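# A closer look at the structure
Letter by letter, the chains look like this.
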Amino acid sequence: MSLRPSRRAALGQLAAGSLAACAPSGRDGEVLRFWAMGREGEVVQSMMPAFERANPGVRVEVQQLPWSGAHAKLLTAFAGGGLPDLCQMGNTWLPEFTALGAVERLDARVAGSQVVRAADNFPGIWRTNVVDGGLYGIPWYVDSRLLFYRRDLLARAGYAAPPASWAQWLEAMTAIKRLVGPQNYAALLPLNEYEPLLTLALQQDDPLLRDRGGRGNFQSPGFKRALGFYAEIFRRGLAPAAADTQIGNLYDEFARGYFSFYISGPWNLGEFSRRLPADRQDIWMTAPMPGPAGPGAGIAGGSSLVVLKGSSKKAAAWRLIEHLSQVPAQTGFWTLTGDLPARRDAWAQPALGGDPRAAAFRAQLERAKAAPQAPEWERIATEMQLVAEQMVTKGMSVDAAAAEIDKRADALLEKHRWMLDHNRGAPA
Amino acid sequence: MRGQIGSQRAGWLFVAPAVAIIGVFFFVPVLAAFVLSLTDFDIYSLADLHNLRFVGLRNYVDLLVNPLFWQAVGNTLYFVGLGVPLSIAASLGAALLLDSRLVRFKPFFRTALFAPVVTTLVAVAVIWRYLLHARYGLINYALGEIGIGPIDWLGDPHWAMPAIVIFAVWKNFGYNMIIFVAGLQTIPQDLYEAARIDGASALRRFWHVTLPGLGPVILLVSLLTIAGYLQLFAEPYVMTQGGPGQATVSVLYFMYEQGFKWWNLGVASAVAFLLFVLMLGVTVLQLAIGRRGGGP
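It should be emphasised that the depicted structure is a prediction, and the values quoted were computed from it without experimental measurement.

What counts as what
- Residues numbered from 1 in each chain as written.
- Chains lettered and ligands numbered in written order.
- Predicted model: local features only at pLDDT ≥ 70, side-chain atom pairs only at ≥ 80, totals over all residues.
- Helix = DSSP H or I, 4+ residues; strand = E, 2+ residues; numbered from the N terminus.
- Rg over C-alpha atoms; globule rule 2.2 N^0.38 Å.
- Buried ≥ 20, exposed ≤ 12 C-beta atoms within 10 Å, placed from the backbone.
- Contact = placed C-beta atoms within 7 Å.
- Expected span 1.5 Å × (residues − 1).
- Arc of directions from axis to C-beta.
- Axes fitted to C-alpha atoms, helices over the stretch in contact; angles between N-to-C directions.
- Parallel < 35°, antiparallel > 145°, perpendicular 65-115°, else oblique.
- Left-handed = near helix turned anticlockwise from the far one by under 90°.
- Nonpolar A, V, L, I, M, F, W, Y, C, P; charged D, E, K, R; others polar.
- Pairing = 2+ DSSP bridges.
- Domains from an automatic or database assignment.
- Core = buried A, V, L, I, M, F, W, Y, C linked by C-beta atoms within 7 Å.
- pLDDT = per-residue confidence, 0-100.

Here we take up the overall build of chain B. The helix and strand tally for chain B stands at 13 helices and zero strands. Against the globule reference of 19 Å for 296 residues, chain B gives a C-alpha radius of gyration of 24 Å, more extended than a compact globule. Overall size of chain B, expressed as C-alpha extent along the three principal axes, is 75 × 75 × 35 Å. In chain B, which comprises 296 residues, the share counted as buried stands at 30%. Across chain B, every contact between residues at least 6 apart in sequence was considered, and the portion connecting residues at least 24 apart equals 66%.

In structure tokens:
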């Protein structure tokens, strides 16, 4: 109680009594440990003074983790009991850390919150935070993949508007390929990225895993349609069979017309405007993903904020999540990082809502769909892409590739099945 | 008799601390790791130890049919096959230069050439990433001056491993160089003089006097270097993260990914034992060749 005698003296005897009554924890200088990754971790530090002013007695210690080592670091911290009070977490990691029993369920806190409301979030993104019926994370910023395209080349090929369906897209790609000649291509779908194929697969109604997530469902008619469409793009020579590491400078190649369609995420909004010359800014545009019949679904990506179960300061951690979920904090964060805000009201501001290139993301995010919530999912998706790469480069048939992906997924899910069979859920 | 038993007991007493330390910090962990390699320890077991299953040799069998594991073995052998001869040649070359009577400021050069060994790997890796940069790197600039087109050292699957080899050789050659310098000083000068009187050229003196004189040292250095290079990890971890296209995934990097990225500690332990078998095999083979080659 005698930590800040000078302030106490200044406030006077009477005020001192009421101050002590106001601070229910009675602890001056509660330290909240907050882990955030990469650029976000750097930027979020500048937002802490505002929170600390609004919450006297709480001090936030932000630790920045590099993305490349973040996953391993979190697992190691869990094993060693060194997790922080709250943490940024890629929403594809949530099922894994929920299975570990590392993150706190947040349903009750949201029910009592004036700030965080499910209805204000993109439904697909919100769903990635719900594991086995419980809510474990609050979306912080969001991410999806869509089409970046050459507006001028598409117009020269005879199309005023971007394609909305697979059939239109294939037609437009064929026309562009005719226009740009044998040395160039219509699209770039890097063979080392699983996101383009996953986007096509999520546009189908068939789920990607079956038997309560215990087996792969990659031989379903829906996934085979997506895989067949993906294979067709390469078979017709519309996209080069290359990884993006073989492309050299992506932005130069895009400007040269080496490819006209590219499936990518929000960070490239900034990159394209920075890296393409100022007088050629009108050549690029974004469009929502074409689907099998009309605009299609996309990946529900992004990062959430979670409270760790082992924390002794959950109430303060939750207040920080609420603080970062407020509209000014969300728009401020977008200005500083370019990360798209999770809250729909934050999109109302003209700089973001009025930008047609960002608007495509807004439309795509409304149709975002969660990937399967198995802890093994990231490894399954990686295997899926390795097989798809073989299919494209070594001429494997679509049926054989689908069967192979199922085989690998089932092998990865073996322990998961055993857990389900023995009714061993996550420790609640 | 009694004296002998007493001295035996004294001997055991003297080695007891060392044996105890080796036992606690080496044999017990190795045994624990072996037991771990027979289980399927994963994140489910991390959450609740009751989810741990004993799986016998399944981890080993699965690894032996896993193409990525074999690619990691292939990458590691490629690194050893290219890196060890280059490393030993560089060390020997530098040692010969240092040993020459014509060289001045020997202590300075010895320190300068040894310096990479004692620098922090992560710090110099950052500098090397700049040197190897496809567009702004000094190495590509120098190659460009002699008319060789830009090489995407760390981005092209074919060049990533050679780039790692160059970096590793530069980082490590100083250590073996010191051993070679010591070895060269043990070769009697009389032999060189006799050879010179017989009219042997510098090359023949190197071939018939220096190399045989260094025989045991070369065997030792190659044993140590191969054992060290088989444990390639930090270089790809810092410079390429195993990419591009798995081209720089070494056995140890594979183990790290299994163990600490996916937390499959059972599989990771099995990888460790397979790497141990591989290293043991290579070393035994080397010793056999060394003996047949007329070594000591």
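Following the structure, the description resumes.
Moving on, we come to helix α11 (residues 221-235) of chain A. Residue and element names in this part refer to chain A. The terminal C-alpha atoms of α11 lie 20 Å apart, and with 15 residues this matches the ideal 21 Å at 1.5 Å per residue to within 8%. The set of residues buried in α11 consists of F223, A226, L227, Y230, A231 and I233. Seen from one end, α11 has its buried residues packed into an arc of 155°, which puts them on one side. Along α11, the residues that are exposed and aim more than 90 degrees away from the buried face are P221 and R235. Next to the buried residues of α11 lie α9 (166-180), β8 (187-188), α10 (195-202), α18 (377-394) and α19 (398-412). Positive backbone phi, at 70°, marks G237, one or two positions downstream of α11.

Residues and elements named next belong to chain A. The contact between α18 and α19 brings their axes to 9 Å, and the two run at 155°. By the angle between their axes, α18 is roughly antiparallel relative to α19. For the pair α18 and α19, the sense of crossing is right-handed. On α19, the residues touching R379, I380, E383, M384, V387, A388 and M391 of α18 are A401, E404, I405, R408, A409 and L412. For the contact of α18 with α19, the residue count by class is nine nonpolar, no polar and four charged.

This part takes up the sheet that holds strand β16 (residues 301-307) of chain A. All names here are of chain A. Read from one edge of the open sheet, six strands run β2-β1-β3-β16-β6-β17, paired in mixed fashion. Lying at the two open borders of the sheet, with one neighbouring strand each, are β2 (58-65) and β17 (340-341). Pairing between strand β1 (residues 30-37) and β2: eight bridges, direction parallel. Looking across to β2, one finds that A36 is bridged to Q64.

Take the domain arrangement of chain A next. All names here are of chain A. Structurally, chain A comprises domain 1 (5-143 + 300-369) and domain 2 (146-298). The straight-line distance from the C-alpha centre of domain 1 to that of domain 2 is 33 Å. Between domain 1 and domain 2, the contact holds twelve residues from the first and 15 residues from the second. Listing elements by their share of the side of domain 1 that touches domain 2, those giving two or more residues are α17 (356-366) and β18 (368-369). Top contributing element to the side of domain 1 that touches domain 2 by residue count: α17, with six residues.

Next up on the list: the environment of A:A402. Residues and elements named next belong to chain A. Inspection of the secondary structure puts A402 in helix α19. Residues A402 and M391, spaced eleven residues apart in sequence, show a C-alpha to C-alpha distance of 9.6 Å. Discounting chain neighbours no more than four positions away, the residues touching A402 are F218, Q219, F223, K224 and L227.

As a further point, take the nonpolar core. In this structure, A:L86, A:A187 and A:L320 are the most contacted members of the largest nonpolar core, which totals 180 residues. For this core, the element with the most residues is helix α8 (residues 157-185) of chain B, which contributes eleven residues. Of the residues that make up this core, three or more belong to each of domain 1 (5-143 + 300-369) and domain 2 (146-298) of chain A. If near-sequence neighbours (up to four positions away) are discounted, A:L320 is found in contact with A:L32, A:F34, A:F51, A:V60 and A:L86.

With that settled, the discussion passes to the interface of chain A and chain B. On the chain B side, the residues contacting the 20 residues of chain A number 16 residues. Those elements that provide at least two residues to the side of chain A that touches chain B are α4 (67-80), α5 (94-99) and α20 (414-421) of chain A. Top element by residues in the side of chain A that touches chain B is α4(A). It accounts for six residues. Looking at the side of chain A that touches chain B residue by residue, the classes come out as ten nonpolar, six polar and four charged.

Let us look at the confidence of the model for chain A. Where the model shows low pLDDT, its predicted coordinates should not be examined in detail. Summing up the model confidence of chain A, the mean pLDDT is 89 and the portion of residues at 70 or higher is 92%. Of the regions scoring below 50 in pLDDT, residues 1-27 of chain A engages in nine contacts with residues more than four places distant in sequence or in other chains.

All names here are of chain A. Reading across the sheet, the four strands line up as β8-β11-β7-β12 and stay open at both edges, with mixed pairing between neighbours. Edge positions in the sheet fall to β8 and β12 (284-287), since each of these pairs with one other strand and no more. As judged from the four bridges shared by strand β7 (residues 146-150) and strand β11 (residues 261-264), these two strands associate in the antiparallel manner. Directly across from L146, in β11, lies its bridge partner S264.

All names here are of chain A. By the criterion of burial, β7 is predominantly enclosed, with five of the five residues buried. The sheet contact formed by β7 and β12 spans four bridges and is antiparallel. Bridge pairing in β12 links L147 to A287.

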